[in-house]
Every structure is written in C-alpha cells, then in structure tokens.
Amino acid sequence: MKLKWSDVTPKADYLNRRSFMTAAAALVASPALALTGKPSGLSTDEAPNTLEEITNYNNFYEFGTGKEDPARHAGNLTTDPWSVEIGGLVDRPGSYSVDDLAPANALEERIYRLRCVEAWSMVIPWIGVPLAGVLDKAGVQPGAKFVAFETLVRPEEMPGQSRPILDWPYREGLRIDEAMHPLAILATGLYDDALPNQNGAPIRLVVPWKYGFKSIKSIVKITLTDSQPRCTWQDLQPSEYGFYANVNPEVNHPRWSQATERRIGSGLFAGRQDTPMFNGYADQVAGLYQGMDLTKNY
Amino acid sequence: MAQVINGYLRRIPVWAVWLGAAIPLALLVWDTLTGGLGVEPVRDIEHRLGRTALYFLIATLAVTPLMRITRISLLRFRRALGLISFTYAALHVASWISMEMGFLWGQMLTDVIKRPYLIFGMSAFVMLFALAVTSNDSSIRRLGAAGWRRLHRLVYPAVLLASIHWIWALKLWETKPLLVLGMILVLLALRVLIRRPLGRRPAKVQTN
C-alpha cells in the first residue's frame, strides 16, 4: 500500500500519544510516515542545526512577528487536504496535491545553509524535490520568464493575518532560470519527517543562495508569467528588499550590514562568521547574474 | 492623601529601589542559565536589557508630572531611577558589542556610522552617559544648578532617540514600541501643559 500525505500522523499527535505509552511500546510509536530523501551531492557537509532550533526560531508573519510565534500559533493550520494551483503560462494548469508534486520516490535530502536578511543563519536538512521537475510536470511554455508564488490566506488559522502588517497573501517570485536551477527545491520535509507547520507545511520553496524571505512558505499558488511578479517585502520597502535578494556580503541592507552573520545555536560568545557571496553557492549560481550590477539588482 | 503616601515613601531607602531594579536583571540571568530564552538567547538578552533601560528612563521622566498632578513625590528616587536606566543601557550596549557583534570593532564602527537606528541608539547612549557621570552632588556644585539643569535636559532627546531606535530596528510598525513612544510623548507634553504644580506645594521640593 502506498502511503498518502493524509496518512501522516501529525507530530503533536504522535508525541502526545507517545507520552502515554510505556517504554517498550514507545518503539512502536516511530513516526507513521518517516520521509526519506536520497542524499544529494548538493548538500553541505556543515553540521545541521537541531530540530529544536529550526522549529523554534522562525519568521512566518502569518503567525506573528516574534521568532517564537510560529511555533506557538501554527499548530492549528490545516495542511491536509492541501492543493497547489499551478497556472499561467503552463501546458497543464490545474490543482496539484502535495503527493503529485513531491512523490515519495522523488524525495531528496538537501542540507542547505539558510541566511536571513536579519544577518542570522542556520544549516537545515530539508527533504524535497527540485522545483524544475515540478514546473516541468506542469509544462512551462516558452513565453514564461518568471514564476510567482503565493502563500495561503486563512486568518482564522493564521492569527498574524488579522492585522494588516503585510499585504496578504505573502507573495514571492523568481526568474525562470533561477527557478529551474538545480539548487532550488520545494521542500515537504525536515529531518526525516513531514515539514512542521511553522516551517511552511506542507510545501515550501527553498532557494539557498537568496535571503530567507525569498523561500516562501505554505505555497498554494504557482503562476508562470512573462513579467516580473510583485513580491511582498519589495512592495513594502523597495529600498530595503530587492526582487533578487541574493545573499551578498558587499551590498548592505540599509539597516543591517550583510558582511557577517550569527549562526543560531552557536552560544552566547561564539561571535560572528563572514557571510560568503551567494551564501556559499557562488560556484553554482554566479553565472545566472553575469553582466548584472548586483548593487542595483539587489 | 498625597501627604500620607509621601510619608510612607520617605521611609523607603534609596537602596531598596536599586534592589527592586535588580529584579529584571536577575530574571534575565535566571532565564539565561535555565535555557528559558529559547534557541537564540543573544537576541533576547540584548532586547530585554534595552527595553528595561527604556522603561526605567520613562519612570525617571514620570517623576515630575506625577508630582505636579498628584503631589506624590518620588523626587528622592529620581537620581537612582536615572542611574539604573543607564546601567541597563550600558549592559544593553555591552551585550551588543560582545555577544551580538563578537567584538568586530571595524564592522561596529561602520555600522554605527551608517545605520540610522544605530546612530539613534548610540547618540542616546552617549547622552545618557553624560547624564550618568554628572548624577552626583559634586557635579551639581561644579556645574552650578542652572548649568546642571540645562545639561540634564538632554534626557528629553535621549529618550526620544532611544524610543525611535527601537521602532526603527524592526521591520514593521509594531504596537509595543509605538505605545512606548506614545507614552513618552504624553509625559513630555504633560511637562509643557502643566508647568506649575496644581495648588500650593512646599518650596523645598525644587532642590535637586
């Protein structure tokens, strides 16, 4: 029998259930659906952050602006059923399930560095599929130059959306060649388990050479277009957040120097580390931006 | 009524205010040692110290309007409140230098010059420093009462800069720092609106 997404036992449930079980029975309580991803040559060999760190320090303003708010408030989000609307300049527009987009046999483990524009960083073991494969499934038409993404709007389950702090829904976009790059993935899991809600369940984008805000969470809509899409942070403050948002230690955000970063979980006096160009993925992605002035296209 | 309260207040030694003011610091140390600060303690330590500094600065600013409106006098504690605020501000800056920036002096210097919210915060801190080192009787004598009072008007720009520093450091307009700025503006407005104390008042309150 093939396990479907709906067969995943929510983590809270199995942890809860486990707490009632005896030590012997705890063996049985191993997750109902552990996600396994094939190891990838694109993974970093840096040590990943702990699950606790990754799931308790999040920017996901749909659940509040505090770093702990998503862990606190995302539990009520219904992630099953879920569908992603793929439309625009594609051959096969329609509604796709998470299983359609990221079938178990296609999953890969991608251990990536994540760099936030606020100058902190983590290393995260994602489970997911290349975005290029997903877009190919929908059939990208030759006229498509950009990909636009949208997050769910459901204020009754996403308390942050009851305030007009951002122009909901959260929107992000990539140029088509960026979207087709092998490093860009759609993640459905984290540490051999389904993606926790606060990390963007059930399916999110991960673009490791860009600041974290480009990696839009809880995606419900993907649209292929011929013009550059609107992006939430760029709309809000274009002088601070560009469309590209490539990690670049030489181009400073007006309020945060981007030259260095703090690795989350490194301890009180671990200090800072230098931020590498394109978050350390320059060898793979620098070619995408050849001839572009990155101080203008930030 | 005010006289009764003032009677009780007179019995409170100034060191008791310092002791009370150490509670937020003790709680912060406790939370740090017991892991109560979550996965990124540096940010919490830094932000809590900064917020506490601002709260004590507001308390310092509230002394005069409170006296003018209710005739309850906390004047005896005002110097301590100001110095406590500076102590928290100094710890806030120290945590930024050591924990957040890891003693990267070069980057700190360029950041302070270039980033508006850091310029604001650092200017406020320099002003508070000037106030703290002159918060003693011999400075009042040396500067003269009028000169000393003129210098200590720096608390008004300092508190405004500190409050804007907080608002500007965030990515969005958040409620809490805006409320705090509102409270500061109300306190400053009260000084202008209620110049003279209501009714009669013993003249000796004017000292210090």
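Residues numbered from 1 in each chain as written. Chains lettered and ligands numbered in written order. Predicted model: local features only at pLDDT ≥ 70, side-chain atom pairs only at ≥ 80, totals over all residues. Heavy atoms only, no water.

Chain B is annotated in an unreviewed UniProt entry as Protein-methionine-sulfoxide reductase heme-binding subunit MsrQ of Paracoccus tegillarcae. According to the UniProt record, the Sequence similarities (unreviewed entry) comment for chain B is "Belongs to the MsrQ family." The heading Subunit (unreviewed entry) in the UniProt record of chain B holds the text "Heterodimer of a catalytic subunit (MsrP) and a heme-binding subunit (MsrQ)." (UniProt positions renumbered as here; feature names shortened; annotations may be inferred.)

In the nomenclature of an unreviewed UniProt entry, chain A is known as Protein-methionine-sulfoxide reductase catalytic subunit MsrP of Paracoccus tegillarcae. Here chain A is described in UniProt, under the heading Sequence similarities (unreviewed entry), as follows: "Belongs to the MsrP family." The annotation that UniProt attaches to chain A under Subunit (unreviewed entry) is "Heterodimer of a catalytic subunit (MsrP) and a heme-binding subunit (MsrQ)."

K.L.:
Honestly, unusual backbone geometry in this entry has me stumped. Any pointers?
P.N.:
Where the residue is not glycine, phi is negative for most of them; where a peptide bond is considered, it is trans in most cases. Residue and element names in this part refer to chain A. For the peptide bond that leads from Asp80 to Pro81, omega is 10°, which places it in the cis range. Within the element layout of this structure, Pro81 appears in the loop between helix 4 (69-73) and strand 2 (83-88). Residue Pro169 is reached from Trp168 by a cis peptide bond, and omega for that bond is -5°. Position of Pro169 relative to the elements: it lies in the loop between strand 6 (146-151) and strand 7 (171-175). (Helix = DSSP H or I, 4+ residues; strand = E, 2+ residues; numbered from the N terminus.)

K.L.:
Mind showing me how you'd approach the pairing of strand 7 of chain A here?
P.N.:
Residue and element names in this part refer to chain A. In terms of residue burial, strand 7 counts as a mostly covered element, since five of its five residues are buried. Neither face of strand 7 is exposed, since Arg171, Gly173 and Arg175 on one face and Glu172 and Leu174 on the opposite face are all buried. By the bridge criterion, five bridges tie strand 6 to strand 7 in an arrangement that is antiparallel. Among the inter-strand pairings, Ala148 is bridged to a residue of strand 7, identified as Gly173. (Buried < 20%, exposed > 50% of the residue type's maximum accessible area, 1.4 Å probe, protein only. Pairing = 2+ DSSP bridges.)

K.L.:
How should I be thinking about the interface of chain A and chain B in this particular structure?
P.N.:
For interface size, the figure often reported is the accessible area lost on association. Counting from both sides, the interface comprises 33 residues of chain A and, opposite them, 27 residues of chain B. Together, the buried faces of chain A and chain B total about 2,400 Å²; carbon and sulfur atoms form 54% of this surface. A per-residue breakdown of the area chain A buries against chain B is headed by Arg255, Leu268 and Arg272 of chain A, which together make up 28% of the total. Linking chain A with chain B are three salt bridges, by the criterion used here. Connecting chain A to chain B are nine residue pairs in polar contact (both at pLDDT 80 or more). Put simply, the parts of the chain that give the side of chain A that touches chain B at least two residues each are helix 3 (51-56), helix 8 (232-236) and strand 12 (260-263) of chain A. Broken down by element, the side of chain A that touches chain B gets its largest block of residues, three residues, from helix 3 of chain A. (Contact = heavy atoms within 4.5 Å. Buried area = accessible area lost by both parts, 1.4 Å probe. Salt bridge = Lys/Arg side-chain N within 4 Å of Asp/Glu carboxyl O. Polar contact = N/O pair within 3.5 Å; in protein donor to acceptor, adjacent residues only side chain to side chain.)

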